[in-house]
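Architecture and fold: a report
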Amino acid sequence: MLKPYYNSLILFKFKHNNKLMRIIFGLCCLFFLCSCSMTTLKNEKINGVSFVASRDTIADYHVAPVIEINANYAAVMPFGFIRDLKHPVISYNSNRQWFGETLAGTQQYISELKKANIKIMLKPQIWVWRGEYTGHIEMETVETWNELEESYTTFILDYAKAAQESQVDMFCIGTELEKFIANRPEYWHNLIVDIRKIYKGKLTYAANWDEFKRTPFWKEMDYIGVDAYFPVSDTQTPTVEECIAGWQTHKDLLHSYAITFNKPILFTEFGYRSVDYSGKEPWKSDRHEEAANLDAQVNTTQALFESFWNEPWFAGGFIWKWFHDHSNSGGIQDNQFTPQNKPVEAVINSYYEGMN
């Protein structure tokens, strides 16, 4: 009389254990795949340069220094122009612009860079007359807001079409436009939908270092893009260790955003000027005739690499900025951002080589 019950019990245990084993096996597979994915992100960074538009076409000898620094990505940056912070019309793709800032120039730059197997982020940007900060673009009436939206849509969708036609790897939908986004969030949500109808690759937005916490559409992006001009030191010539310590609070916040939105962090711009106090207000780009401090640029840059380039939640970034005429750019007397022909170029080369 016990045998049927005993057989049923064995069968129940077998089915139960079999189901449990399938669950365990599935979890192991999931863990393996996630580990592989994180390892891939860790070892295959976006090692990028912000490739500055110029008057000229570019050729293979302009691209060669990009390869030599071990970069695998370039941000190509066409420009639209606004007369002032209250003006709603964006002028672009005109014969008054430098060639590299136009649609034709953009496509020529992309083509030449891709010949060398450099991947592309197309990053159309706005320039306000006299260099006023784009994050302060803000209209005064509903009518001018509507006009700005119409103008920006035309501008950005033209470049989305160029991005799709050129099969670029990533498209940046805007750069440091905080007040525009804060005032018109619904417009931006709708714009992203329209962009995705045209361009089928990865999307990001380049938020300023103090803006990204308020950007409302990270869920709709593939990367959380940040222009990484975070203050990390008040010292005249900061040490690497000091800057690493200065990064910690910012790094923890960025990591939390990567977790919250399940998106990798991408530094759409990063870099430091070769000046005293380079880590204090890294966003400053004035042209005061002060002596170059090459050690400050080296130390702040090395600290950034040491802080981020081995993190699995960090995708990489684009050094600001890289000029096409390498031999005549930068140099040890230059106190601006470009790393070209300065000691920091070797630092970038080393980290980019290690993560290719």
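See the structure printed just above.
In what follows, the accompanying structure is described.

Right, let's get into the sheet that holds strand β5 (residues 119-122). Reading around the circumference, β1-β2-β5-β7-β8-β9-β10-β11 is the order of the eight strands in this closed barrel, with parallel pairing throughout. Recorded for the sheet is a direction-independent mean angle of 25° between the axes of neighbouring strands. In this sheet, strand β7 (residues 170-175) lies alongside β5 in parallel orientation, the contact comprising two bridges. Residue pairing in the sheet places Met-121 in a bridge with Met-170 of β7. Packing against the sheet, helix α6 (residues 185-198) makes contact with β7 and β8 (202-208), and its axis sits at approximately 155° to β7.

What follows concerns the pairing of β7. With six of six residues buried, β7 is to be regarded as a mostly interior element. Here four bridges tie β7 to β8, and the two strands are oriented parallel to one another. Across the sheet, the residue bridging to Met-170 is Lys-202, located in β8.

What follows deals with the packing of aromatic side chains. Overall, the coordinates contain 39 aromatic pairs when judged by the stated rule. Lys-280 extends its terminal NZ or CZ atom over the ring of Tyr-277, reaching a point 5.9 Å from the ring centre.

Attention now goes to helix α3 (residues 103-115). In a regular helix each residue adds 1.5 Å, so 13 residues correspond to 18 Å; α3 covers 19 Å between its end C-alpha atoms and thus fits that length. Residues of α3 that are buried: Leu-103, Gly-105, Thr-106, Gln-108, Tyr-109, Ile-110, Glu-112 and Leu-113. On the buried face of α3, the contacting elements are β1 (46-51), α2 (60-68), β2 (73-76), β5 and α4 (142-165). Of the residues trailing α3, Asn-117 is marked for its positive phi of about 65°.

Turning our eyes to something else, we now look at unusual backbone geometry. Each neighbour pair has its own omega, and for Trp-320 with Lys-321 the value is -5°, a cis peptide bond. By the element assignment, Lys-321 lies in strand β11 (residues 314-322). One non-glycine residue, Arg-130, lies in positive phi territory at about 70°. In the Ramachandran plot, Glu-176 falls in the positive-phi region, its phi being about 50° despite a non-glycine side chain.

Residues Tyr-152, Phe-171, Ile-173, Trp-188, Ile-195 and Phe-267 are the most contacted members of the largest nonpolar core, which totals 101 residues. Broken down by element, this core gets its largest block of residues, ten residues, from α4. With residues up to four places along the chain from it excluded, the contact list for Phe-267 reads Val-226, Ala-228, Trp-247, Leu-254, Leu-304, Phe-308, Phe-314, Gly-316, Gly-317 and Phe-318.

Turning next to the environment of Phe-180. Structurally, Phe-180 is set in helix α5 (residues 178-183). Look at Phe-180 and you get buried, because its relative accessible area is 2%. Residues Phe-180 and Leu-148, 32 residues apart in the sequence, show an inter-C-alpha distance of 9.2 Å. Discounting residues that sit within four places of it in the chain, Phe-180 has contacts with Ile-137, Trp-145, Leu-148, Glu-149, Tyr-152, Tyr-187 and Trp-188.

Before going further, it helps to spend a moment on the packing of α3 against α4. The interhelical angle for the contact between α3 and α4, taken along N-to-C directions, is 25°, at an axis separation of 11 Å. Taken together, the axes of α3 and α4 are roughly parallel relative to one another. The element α3 and its partner α4 pack so that their crossing is right-handed. Only Asp-158, Tyr-159, Ala-162 and Glu-165 of α4 make contact with α3, whose side of the interface consists of Leu-103, Thr-106 and Gln-107. Partitioning the contact of α3 with α4 into residue classes produces three nonpolar, two polar and two charged.

As summarised here, the arrangement of the three strands in space is β4-β3-β6, forming an open sheet in which the pairing is mixed. Where the open sheet ends on each side, the last strands, each with one partner, are β4 (91-92) and β6 (125-128). Pairing between strand β3 (residues 79-82) and β6: four bridges, direction parallel. Within β6, the position partnered with Gly-80 by the bridge is Ile-126.

Scoring rules and cut-offs
Residues numbered from 1 in each chain as written. Predicted model: local features only at pLDDT ≥ 70, side-chain atom pairs only at ≥ 80, totals over all residues. Heavy atoms only, no water. Pairing = 2+ DSSP bridges. Helix = DSSP H or I, 4+ residues; strand = E, 2+ residues; numbered from the N terminus. Axes fitted to C-alpha atoms, helices over the stretch in contact; angles between N-to-C directions. Contact = heavy atoms within 4.5 Å. Buried < 20%, exposed > 50% of the residue type's maximum accessible area, 1.4 Å probe, protein only. Phe/Tyr/Trp six-rings, centres within 6.5 Å; stacked < 30°, edge-to-face > 60°. Lys NZ or Arg CZ within 6 Å of the ring centre and 35° of its normal. Expected span 1.5 Å × (residues − 1). Core = buried A, V, L, I, M, F, W, Y, C linked by side-chain atoms within 4.5 Å. Parallel < 35°, antiparallel > 145°, perpendicular 65-115°, else oblique. Left-handed = near helix turned anticlockwise from the far one by under 90°. Nonpolar A, V, L, I, M, F, W, Y, C, P; charged D, E, K, R; others polar.

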